[in-house]
Amino acid sequence: MSAAERSNLQGLMRRRNVGQVLAQRARIVLACAEPGL
């Protein structure tokens, strides 16, 4: 995952007006992209 993609997903998690489902998906994608998983 590129740094820009990671930054975009982290930004989605921080936004207040983003739905909970979208924020949860961003968390899942970021967790799956962690090295060693």
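Structure first, text after, so check above.
All values derive from a computational prediction rather than experimental measurement.

### Details of the pattern of salt bridges
The tally for this structure, following the rule as stated, stands at one salt bridge. Residue glutamate 34 is joined to arginine 6 by a salt bridge in which the shortest nitrogen-to-oxygen separation is 3.6 Å. Taken as a pair, glutamate 34 in the segment after helix H2 (20-32) and arginine 6 in helix H1 (residues 3-14) lie far apart in primary sequence, 28 residues in all. For glutamate 34, a relative accessible area of 38% corresponds to the partly exposed category.

### A word on H2
For H2, which comprises 13 residues, the first-to-last C-alpha distance of 18 Å matches the rise-based estimate of 18 Å (1.5 Å per residue) to within 8%. Three or more residues of H2 are buried, namely Ala23, Ala26 and Leu30. Taken around the axis of H2, the buried residues stretch over an arc of 55°, which confines them to a single face. With respect to the buried face of H2, the exposed residues turned more than 90 degrees away are Gln20, Val21, Arg25 and Cys32. Contacts from the buried residues of H2 go to H1.

What counts, and where the lines are drawn
- For every chain, the first residue of the written sequence is number 1, and numbering continues from 1 along that sequence.
- In keeping with the model being predicted, local features are shown solely for residues with a pLDDT of at least 70 and side-chain atom pairs are shown and tallied solely at 80 or more, while totals for entire chains, interfaces and linings include all residues.
- Where side-chain values are given, they derive from all heavy atoms of the structure, hydrogens and water being excluded.
- Note on definitions: salt bridges are taken to be side-chain nitrogens of Lys or Arg within 4 Å of carboxyl oxygens of Asp or Glu.
- Helix and strand definitions here come from DSSP, where helices need a minimum of 4 consecutive H or I residues and strands a minimum of 2 consecutive E residues; each element is numbered from the N-terminal end.
- Accessibility here uses a 1.4 Å probe with only protein chains present; expressed as a share of the type maximum, an area under 20% marks a residue as buried, one over 50% as exposed, and anything in between as partly exposed.
- For a helix, the expected span equals 1.5 Å multiplied by the residue count minus one.
- In this description, one arc is meant: the one made by directions from the helix axis to the C-beta atoms.
- Residue contacts are defined here by distance: any two heavy atoms, one from each residue, within 4.5 Å place the two residues in contact.

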